[in-house]
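Residues per chain are reported as follows:
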Amino acid sequence: MKHFITSLKLSLFFCLVFIIPTQAQQIHWSDDGNSYYKVENNSIVRYDLPANTPTTLISADMLTPENGEPLAVWDFTFSPDKQKMLIYTNGKKVWRLPTQGDYWVLNLKTKKLQQVGKKFHASSLRFAKLSPDGSQVAYVSEYNIYVESLDDQQITAVTKDGNRKLIYGTFDWAYEEEFACRDGFQWNTDGSKIAYWQIDARKIPDYDMVNFTDSVYSEIIPVEYPTAGTDPSPAKIGVYNLKSNTTNWLNIPGDPQQHYLTRMEWNNPNLLFLQQLNRKQNESKIYKCDVEKNTATVINQEKNNSWIDVLSPWGNSYTLTFRHEFQWINDKKEFLWFSEKDGWRHMYRIGLDGKEQLITKGDYDVLELLYADDEKNEAYFLASPENATQKYLYKIKLDGKGKAERVTPGDMPGTHDYNISPNGKYAFHSFQNSYTKPAKELITLPQHKALDKDKSIAVRLSELQEPKTVEFFKVTIVDGTEMDGLMVKPKDFDASKKYPVVFYVYTEPWGATVNDTYSAGKNFLYNGDMAEDGYIYITIDNRGTPAPKGTEWRKSIYRKIGRLNISDQARAAEKVLEWDYVDPERVAVWGWSGGGSATLNLMFQYPEIYKTGIAVAAVANQLTYDNIYQERYMGLPQENKEEFVLGSPLTYAKNLEGNLLYIHGTGDDNVHYNNAEMLINELVKYGKQFQMMAYPNRTHGISEGEGTGEHLSTLYTNYLKMYCPPGGR
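Residues numbered from 1 in each chain as written. Predicted model: local features only at pLDDT ≥ 70, side-chain atom pairs only at ≥ 80, totals over all residues. Heavy atoms only, no water.

In the nomenclature of an unreviewed UniProt entry, the protein is known as DPP IV N-terminal domain-containing protein of Marivirga atlantica.

Have a look at this one:
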């Protein structure tokens with residue numbers, strides 16, 4: 001029930017994900033880190049540091065095909081020799097992101113611009129990559145992998161029998177959604193081989209979505225979707241030899257129907273590393289694969305009593321950018337890896353022989369590794385040891401000696417992020433907190449000084465700041481658990497009056513809502529100003545949410561989704577209702593996706609507390625959700641089905657007493673619409689009245705179609721005002 005929510009606040013997430021992003025806003029560092037590239041006015045501009053001097057490297061004219069318009073550059077990469085540039089344009093959304101589009105290659109010497117894969121349909125190529133020598137391009141189209149020569153544009157099919165159920169070089173719905181696996185092939189380091197995934201979804205049942213509106217006859221739209229309890233799609237890794245035009249399938253131990261292959265990366269032309277998880281996702285193995293001998297040797301193995309995260313719970317898994325999961329150091333004799341085996345998420349260095357060394361030490365979680373250089377013996381990472389709602393930059397020695405040192409200055413409390421140059425000398429620094437608009441500056445490291453003092457965040461801080469309206473607080477429930485919360489009070493707050501409270505919830509392991517960011521306390525669905533209208537708006541992070549509070553906090557929810565998180569929220573709400581200025585008769589709760597599920601559970605399990613609920617795109621029955629997510633956090637239904645049942649809102653629907661508005665898109669490929677109909681049946685069975693809004697053909701974000709956003713916001717706001725009236729009394 002993650003439903004693709006990252007650690008971003010849902011309101012920010014909505015803006016970033018549901019509006020299809022282009023990549024032209026991204027910067028690309030040069031290899032030496034002394035300059036960076038940006039797309040500006042259909043041109044590619046290089047900025048040289050430290051003066052930050054711009055030079056147009058590639059003009060719009062150079063990016064204009066014959067008899068055409070300049071390419072709208074979504075993303076670009078250079079060949080290793082910097083003589084060619086691969087350009088991505090005309091992106092088209094596949095599930096969550098525009099990973100499908102057109103590719104062109106610009107020869108920077110000859111200025112020749114040529115399209116790749118011209119014989120295929122427009123916007124149908126995925127993950128194109130130049131070969132290491134820049135002479136060829138490999139890409140995926142229609143579930144098959146191809147290699148195209150740039151000299152004569154001859155195309156060789158690496159695979160030929162790919163289809164919606166037999167997938168090469170990319171992934172099925174579940175792998176993409178839950179492991180962020182999208183790009184499914186890689187050139188080796190000398191360009192002689194290509195390693196790629198095959199996902200066999202032929203035994204995975206389809207969930208059939210139905211389009212009733214675009215024709216007088218209904219259209220069935222199938223999605224291969226493995227629900228909890230269904231065996232995973234078997235995955236295997238093939239290594240294609242360009243010289244012999246043959247594929248060798250790697251001999252990886254373990255039943256493919258009971259394991260996942262989640263990460264893969266080349267170390268040298270014949271050495272491939274990959275990560276394998278068992279089906280329960282509580283055992284990880286890292287294999288070193290000799291592709292010539294076709295041997296796979298385990299060099300690292302870890303087991304956990306709950307689950308092992310493949311993705312950082314704080315990272316943004318919704319990115320087009322290829323992520324190096326194996327952070328190579330020491331001339332590729334070692335790599336950096338993360339583990340929570342000592343109770344905190346820490347960084348280790350692991351040798352090719354499997355020997356490991358702990359780098360970060362202490363009672364704190366490493367949120368994200370941003371930079372590592374073993375020659376300098378240093379690494380930069382994000383962490384927040386003192387305040388789980390914030391984020392700061394730290395520096396540590398890669399030899400494991402010494403303690404982590406905070407680099408972010410102490411005069412800007414809040415959430416900081418960094419894009420660090422390859423040489424570690426510069427970084428784009430971004431900062432925000434609940435009363436400061438997001439701002440960015442270019443700084444030097446480790447001094448953390450702005451290159452342009454006049455444009456520094458420190459100089460602009462006063463104009464970026466707004467009056468403080470968000471109050472952070474802590475609440476301790478009866479069993480002694482302390483939780484973080486935030487609150488926005490009415491603008492005309494009078495402590496002698498009682499006000500309605502609206503709780504925003506998510507509650508599951510994929511999203512924390514109490515973050516010191518500019519979006520904190522803002523309800524994007526509300527049509528108007530909640531504080532102006534007289535609402536108290538609150539969100540609280542329960543146990544099991546991915547706050548940087550250690551493994552015990554995050555994984556206490558194992559096999560307890562729908563119970564522990566719900567109990568924590570209810571017990572916290574009881575404490576809030578003890579406040580003199582809270583009206584216990586006007587208590588509302590709402591959430592989207594996993595938060596919608598929590599809303600239903602809170603309404604049904606604690607009807608004495610929550611009088612009004614608005615649940616959007618909720619999972620009513622945990623057995624309907626995908627196996628990777630649900631089994632990771634709940635175990636296997638074959639072994640503990642009763643816990644899936646006890647955590648599902650469907651089980652408690654008969655207890656509804658308050659006012660419920662349920663909202664769902666009929667074209668939701670993530671949380672399927674059958675959840676709505678199962679819930680409706682149960683509520684009808686027990687004579688429970690409620691209101692329902694189905695948005696035809698809308699997906700999980702309910703964003704498609706003219707007028708949808710305004711309609712949804714108006715529906716939400718009117719319902720809330722009707723059944724949980726605003727204002728002090």
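There is more to say, and it comes next.
Of all hydrophobic cores here, the largest spans 94 residues; its most connected members are F503, F604 and Y610. The element contributing the most residues to this core is helix α6 (residues 564-577), with 7 residues. Counting 28 residues, the second largest nonpolar core, distinct from the first, contains M530, I663, Y716 and Y719. (Core = buried A, V, L, I, M, F, W, Y, C linked by side-chain atoms within 4.5 Å. Buried < 20%, exposed > 50% of the residue type's maximum accessible area, 1.4 Å probe, protein only. Helix = DSSP H or I, 4+ residues; strand = E, 2+ residues; numbered from the N terminus.)

Right, let's get into the packing of helix α8 (residues 627-634) against helix α9 (residues 637-646). Relative to each other, α8 and α9 sit at 80 degrees, their axes nearing to 11 Å. Here α8 is positioned roughly perpendicular relative to α9, judged by the angle of their axes. Contacts between α8 and α9 involve Q630, E631 and M634 from the former and P637, N640, E643 and F644 from the latter. Residue composition of the contact of α8 with α9, grouped by class: 3 nonpolar, 2 polar and 2 charged. (Axes fitted to C-alpha atoms, helices over the stretch in contact; angles between N-to-C directions. Parallel < 35°, antiparallel > 145°, perpendicular 65-115°, else oblique. Contact = heavy atoms within 4.5 Å. Nonpolar A, V, L, I, M, F, W, Y, C, P; charged D, E, K, R; others polar.)

Inspection of the entire model under this criterion finds 46 aromatic pairs. Seen from their ring centres, F503 and Y610 are 6.1 Å apart, and the 75 degrees between their planes marks the pair as edge-to-face. Of this pair, F503 sits in strand β38 (residues 499-504) while Y610 sits in the loop between α7 (594-605) and β41 (612-616), and the two are 107 residues apart along the sequence. Judged on exposure class, the residue F503 and its partner Y610 are both buried. Between the NZ or CZ atom of K236 and the centre of the ring of W249, over which it lies, the distance is 4.3 Å. (Phe/Tyr/Trp six-rings, centres within 6.5 Å; stacked < 30°, edge-to-face > 60°. Lys NZ or Arg CZ within 6 Å of the ring centre and 35° of its normal.)

Looking now at the sheet that holds strand β39 (residues 536-540). Taken in spatial order, the 8 strands of this open sheet run β36-β37-β39-β38-β40-β41-β42-β43, and their pairing is mixed. Strand pairing shows two members of the sheet lacking a second neighbour, β36 (470-476) and β43 (691-695), which therefore form its edges. Shown here is a sheet whose adjacent strand axes are inclined to one another by a mean of 20 degrees, direction ignored. Here 5 bridges tie strand β40 (residues 582-592) to β41, and the two strands are oriented parallel to one another. Following the sheet pairing, A588 is matched in β41 by T612. Those strands touched by helix α10 (residues 674-685) are β42 (659-665) and β43, and its axis lies near 150 degrees from that of β42. (Pairing = 2+ DSSP bridges.)

The predicted model of the protein has a mean per-residue pLDDT of 94, with 96% of residues at 70 or higher. For residues 2-23, every residue scores under 50 in pLDDT, and the model assigns this stretch 84 contacts once sequence neighbours within four places are set aside. (pLDDT = per-residue confidence, 0-100.)

Next up on the list: the pattern of salt bridges. Evaluation of the coordinates by the stated rule reveals 37 salt bridges. For D206, the salt bridge goes to R164, with nearest N and O atoms at 2.9 Å. One end of the pair, D206, is in strand β16 (residues 206-211); the other, R164, is in the loop between β12 (155-157) and β13 (166-168), and 42 residues separate them in sequence. With a relative accessible area of 32%, D206 lands in the partly exposed category. The class for R164 is partly exposed, based on a relative accessible area of 27%. (Salt bridge = Lys/Arg side-chain N within 4 Å of Asp/Glu carboxyl O.)

Turning to the UniProt feature "domain: Peptidase S9 prolyl oligopeptidase catalytic" (unreviewed entry) in the protein, a few remarks are in order. If you check UniProt for "domain: Peptidase S9 prolyl oligopeptidase catalytic" (unreviewed entry), the listed places come out as residues 530-716 in our numbering. Overall, residues 530-716 shows 40% helix and 18% strand. The separation of its end C-alpha atoms is 12 Å. (UniProt positions renumbered as here; feature names shortened; annotations may be inferred.)

Their axes nearest at 10 Å, the elements α6 and α7 cross at an angle of 65 degrees. Of the two possible hands of crossing, α6 and α7 adopt the one that is right-handed. Contacts between α6 and α7 involve I566, Q569 and A570 from the former and A598, N601, L602 and Q605 from the latter. Counted by class, the contact of α6 with α7 contains 4 nonpolar, 3 polar and no charged residues. (Left-handed = near helix turned anticlockwise from the far one by under 90°.)

With respect to the helices and strands, the residue E148 is situated in strand β11 (residues 144-149). For the buried residue E148, which engages in no salt bridge, the nearest side chain bearing the opposite charge is K118, 7.4 Å off. At 2.9 Å, the side chain of E148 forms a polar contact with the backbone nitrogen of G117. In contact with E148, other than residues within four places in its own chain, are Q115, V116, G117, S135, Q136, V137, Y139, Q153, Q154 and I155. (Lys, Arg positive; Asp, Glu negative; His and termini not counted. Polar contact = N/O pair within 3.5 Å; in protein donor to acceptor, adjacent residues only side chain to side chain.)

For a regular strand, the rule is simple: side chains alternate between the two faces of the sheet. Of all 10 residues in strand β20 (residues 259-268), 8 are buried; the element is thus mostly enclosed. Relative to strand β21 (residues 271-278), β20 runs antiparallel, the two being bridged by 8 bridges. Considered in β21, the bridge of L261 is made with Q276. If you look at the hairpin formed by β20 and β21, you'll find 2 residues sitting between the two strands.

To continue, consider the environment of Q630. Position of Q630 among the secondary structure elements: in helix α8. Take Q630: its relative accessible area is 0%, and that puts it in the buried class.

In this structure, S384 sits in the loop between β29 (378-383) and β30 (392-396). For S384, a relative accessible area of 3% translates into the label buried. For the pair S384 and N251, spaced 133 residues apart in the sequence, the C-alpha separation amounts to 42 Å. Those residues in contact with S384 that lie beyond four places of it in its chain are L367, Q390, K391 and Y392. A polar side-chain atom of S384 sits 2.3 Å from the main-chain carbonyl oxygen of N387. Polar side-chain contacts of S384 include one of 3.2 Å to the backbone oxygen of Q390.

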